[in-house]
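# Geometric and topological summary
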Amino acid sequence: MGRKHENYREDTPGRANVADTPELLAYYDELDRLDAGALWTVANRIEPWEPVSQSVPVVWRYGELRGHVLRSLDLVTPEEAGRRVVYLSNPGRRDVAAAVGWIYAGLQAMKPGEAASAHRHSASAIRFIMEGEGAYTVVDGHKMTLGRNDFVLTPNGTWHEHGVEAAGSTCIWQDGLDIPFVNAMEANFYEVHPDLAQAVAFEVDDVTKSWGNPGLAPAGGAWTEGYSPLFKYEWLATYEALCNYAGCTDGSPHDGVLMEYVNPATNGPVMQTMGASMQLLRPGERTEAHRHTGSFLYHVARGSGHSIIDGRRYDWSERDIFCVPSWAWHEHANASGTEDACLFCLSDLPVMRALGLYREQAFGENGGRQPLV
Ligand code: GTQ
């Protein structure tokens, strides 16, 4: 008569292993009616031996998605839709709009002369510019011009809006937000700007001119926010930094030549909940496998290659987006023997590190290379 109860048994000392009996099943029913339960029926599930990600590895191929992203331009107006975005939906996480773990991502398209209304929210966001000319974003009155592979922040609580100049071309960029995380924390607020737009209060690109100078910061430029004052990280300077670093390091066996985008005021992550990096795989480079906690969304900024994630091979080329779920083994390979490949990566590492949840492990066997399953 009693309803079916979950019972995760494990035949290991120290783990729950209680056989069902009619008396216990009746007891579970009674607890259930009181909105309670017996821990030993669920303990092994809620305390796994190691992280169990609900997310699965996915490659979102730009060649397949691009046409659909562009179709949204004719299907809905920015006024109706707010934003024309095709979001990435991890097949393991259909309960929330997540690309991987607690990270949301989408591809946003905008026509020349269009602008989306200004708003702000508790979620933090990044943009990674994929194609088109004339895109701009305004963050708390700072207007920034955007080009291919530029990385832009719209930190939590800042007013922001995006547009494309009338003289520009249709633009597509990747949005990345911590929406699923902030919703899981039940802390998400949203506000539309009372004027639907904000005044540009500073010189265009002033954040780059003041905070984007390597090794130098404005004198007395105290900055107390939890996010970087440099809202835009330009591609040319990023690529140059990677090439410079590649000239004097062997790189990491697991990551190749990897640099993190940092807050110039602290050298810490660009925002409190999400961080980002750019990684260079030299011609012919193939990394060794490792795994760590945290969710990772890669965007192929340049080149082509493949990654092996939990023993399966995923090929990628420029503009594809793929994810590595928490604690999944992963290694990357550049397909070219003459060109480098660059992987932009958005992650929740700042959360993992700040909360003491970061853990890392090298794949110790087989020369660091995963056997294919
Ligand atoms: O522009 O802040 O793709 O709030 C989804 C939600 C972009 C944004 C998205 C958002 C934004």
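Residue indices begin from 1 for each chain and proceed along its sequence in written order. Under the rules for a predicted model, residues below a pLDDT of 70 receive no local features and side-chain atom pairs below 80 are neither given nor counted, while totals for whole chains, interfaces and linings still include all residues. Heavy atoms from the whole structure form the basis of all side-chain values; hydrogens and water molecules are not counted.

### Topic: the packing of aromatic side chains
Whether two aromatic rings pair depends on their centres lying within 6.5 Å, for rings of Phe, Tyr and Trp, where Trp uses its six-membered ring; planes under 30 degrees apart make the pair stacked, over 60 edge-to-face, and the rest tilted. Within this structure, the stated rule accounts for 17 aromatic pairs. Measuring from centroid to centroid gives 4.2 Å for F128 and F344, while their planes differ by 20 degrees, and the two rings are stacked. With a gap of 216 residues between them, F128 in strand β5 (residues 125–131) and F344 in strand β21 (residues 341–347) connect regions that are remote in the sequence. Accessibility assignment for this pair places F128 and F344 in one class, buried. On the basis of an interplanar angle of 5 degrees and a centroid distance of 4.8 Å, the ring pair of Y298 and F322 is categorised as stacked. Of this pair, Y298 sits in strand β16 (residues 296–302) while F322 is found in strand β19 (residues 321–324), placing the two residues 24 residues apart along the sequence. Each member of the pair, Y298 as well as F322, carries the same accessibility label: buried. Grouping aromatic residues by their ring pairs yields a cluster made of F128, F151, Y233, Y261 and F344. For a ring to carry a charge above it, either NZ of a lysine or CZ of an arginine must fall within 6 Å of the ring centroid while also lying within 35 degrees of the normal to the ring plane. Here the guanidinium or amino end of R353 rests over the ring plane of Y358, the centre of that ring lying 5.5 Å away. A run of H or I in DSSP counts as a helix once it spans at least four residues, and a run of E counts as a strand once it spans at least two, with each numbered from the N terminus. The classification of residues rests on relative accessible area computed with a 1.4 Å probe and restricted to protein chains. Under 20% of the type maximum is buried, over 50% is exposed, and intermediate values are partly exposed.

### Thoughts on the pattern of salt bridges
Here a salt bridge means any side-chain nitrogen of Lys or Arg lying within 4 Å of a carboxyl oxygen belonging to Asp or Glu. This model, assessed by the stated rule, comprises 18 salt bridges. Across the pair R15 and E10 runs a salt bridge, and its minimum N-O distance is 3.2 Å. Judged by relative accessible area, R15 falls into the buried class, the value being 18%. Note that K232 is salt-bridged to D205, the shortest N-O span being 2.9 Å. With K232 in strand β12 (residues 232–233) and D205 in the loop between β11 (190–192) and α6 (206–211), the pair connects residues that are 27 residues apart, well separated along the chain. As far as the burial class goes, K232 and D205 line up, both buried. Because the salt bridges share partners, they merge into one network encompassing D205, K232 and E234.

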